[in-house]
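Letter by letter, the chains look like this.
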Amino acid sequence: MISYNESLEKFEALDVKPSAVEKLFLSSALGRILAEDIIAGENSPVYPTSAMDGYAILAKDQKSGRIKVQDQDNPAGAELIGEVIEGLCIKTFTGSLMPEGADTLTPIENVSFEDGHIVIKEEVPLGFAVRPVGESFKEGEVLIKKGTKLGYAEIGVMASLNIVMALVFIKPRVAVLSTGSEILDLGEESHHISQIRSSNNYTLAALAEQAGARVVQLGIVKDDKKSITEGFINALNSADLIVTTGGC
């Protein structure tokens, strides 16, 4: 017998070949293990962007107390975003690209509208409510590392990068094998009181499946050399990893 820690050391010392990979549609990749780094191909945002509804301004113009509003709006998704010059502002919405020349966004709550002008009720600092280039992530940044288990957050990041197919490791096949002439598999009829119902192999199979493996359930092997040898040969031919219970 060896200790639990010693068994872990032996397991970790094994020279295991990298698993094969496959490509799955992103919508089918939840819970799978990523087989490559996900790297940002561009900055996000790629252009200064409004973080609130309000008015795109030059911060210094707030000192005048009133700023003339240009006769155009800058809705989210607009391609033509206009230009802000001294003494003028453009109404701009959350998610919109900031107009050329503007360096600040004053929230709609901080102003009132009078005669084609906004009246500054409360000043904001330079750059307020403007998302700078690369605020979320920068071009070349590793966003998700190889070996990560894909959860909802990783799926969302990959979707934002327009990744249609995810490269993931193929699920390992784990064979579960129990040994013992006294063990009864599920569904078998008991013939005497010394027999016990199998449970460990089903517990181990459930744990392996929960961890992301494909389980090959090989049932019960009797306590004799021939049966055990045949059982292990079958397991070796069926899976990448064998888990056994009982004395072998």
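Now for a quick tour of the structure. (Residues numbered from 1 in each chain as written. Predicted model: local features only at pLDDT ≥ 70, side-chain atom pairs only at ≥ 80, totals over all residues. Heavy atoms only, no water.)

### Here's the deal with the overall build of the protein
When helices and strands are tallied, the protein shows four helices and 17 strands. Against the globule reference of 18 Å for 248 residues, the protein gives a C-alpha radius of gyration of 32 Å, more extended than a compact globule. The principal-axis extents of the C-alpha atoms in the protein amount to approximately 95 × 35 × 35 Å. For the protein, with 248 residues in total, the buried portion stands at 31%. In the structure as shown, the protein presents an accessible area of about 15,300 Å², 55% of it carried by carbon and sulfur atoms. (Helix = DSSP H or I, 4+ residues; strand = E, 2+ residues; numbered from the N terminus. Rg over C-alpha atoms; globule rule 2.2 N^0.38 Å. Buried < 20%, exposed > 50% of the residue type's maximum accessible area, 1.4 Å probe, protein only. Areas by Shrake-Rupley, 256 points an atom, 1.4 Å probe, with all protein chains shown as cover.)

### Quick word on the sheet that holds strand S13 (residues 173–179)
Remark on secondary structure: sheet strands pair via backbone hydrogen bonds, oriented parallel or antiparallel. Judged by pairing direction, the sheet is parallel, and its three strands sit side by side in the order S16-S13-S17 without closing on themselves. Two strands in the sheet have a free side with no partner beyond their single neighbour: strand S16 (214–221) and strand S17 (241–245). Taking each pair of neighbouring strands and ignoring which way they run, the sheet shows an average axis angle of 20 degrees. Across five bridges, S13 lies against S17 in parallel orientation. If you follow Leu 177 over to S17, its bridge partner there is Thr 244. (Pairing = 2+ DSSP bridges. Axes fitted to C-alpha atoms, helices over the stretch in contact; angles between N-to-C directions.)

### A closer look at the pattern of salt bridges
Applying the stated criterion to the full structure yields seven salt bridges. A salt bridge links Glu 123 to Lys 63; its shortest N-O distance comes to 3.3 Å. Linking Glu 123 in the loop between strand S9 (117–120) and strand S10 (130–131) with Lys 63 in the loop between strand S4 (54–57) and strand S5 (66–74), this pair joins segments that are 60 residues apart in sequence. On the basis of relative accessible area, Lys 63 is assigned to the exposed category, the value being 68%. With a shortest N-O distance of 2.6 Å, Arg 131 and Glu 135 are connected by a salt bridge. (Salt bridge = Lys/Arg side-chain N within 4 Å of Asp/Glu carboxyl O.)

### Some details on unusual backbone geometry
Following Ser 44, the chain continues into Pro 45 via a peptide bond in cis, with omega recorded as -5 degrees. The phi angle at Asp 115 is positive, at roughly 50 degrees, despite the residue not being glycine. Within the secondary structure, Asp 115 sits in the loop between strand S8 (111–114) and S9. The exposure class assigned to Asp 115 is exposed, which follows from its relative accessible area of 71%. Although it is not a glycine, Ala 129 sits at a positive phi angle of roughly 60 degrees. Residue Ala 129 is classed as buried on the basis of its relative accessible area, which comes to 14%.

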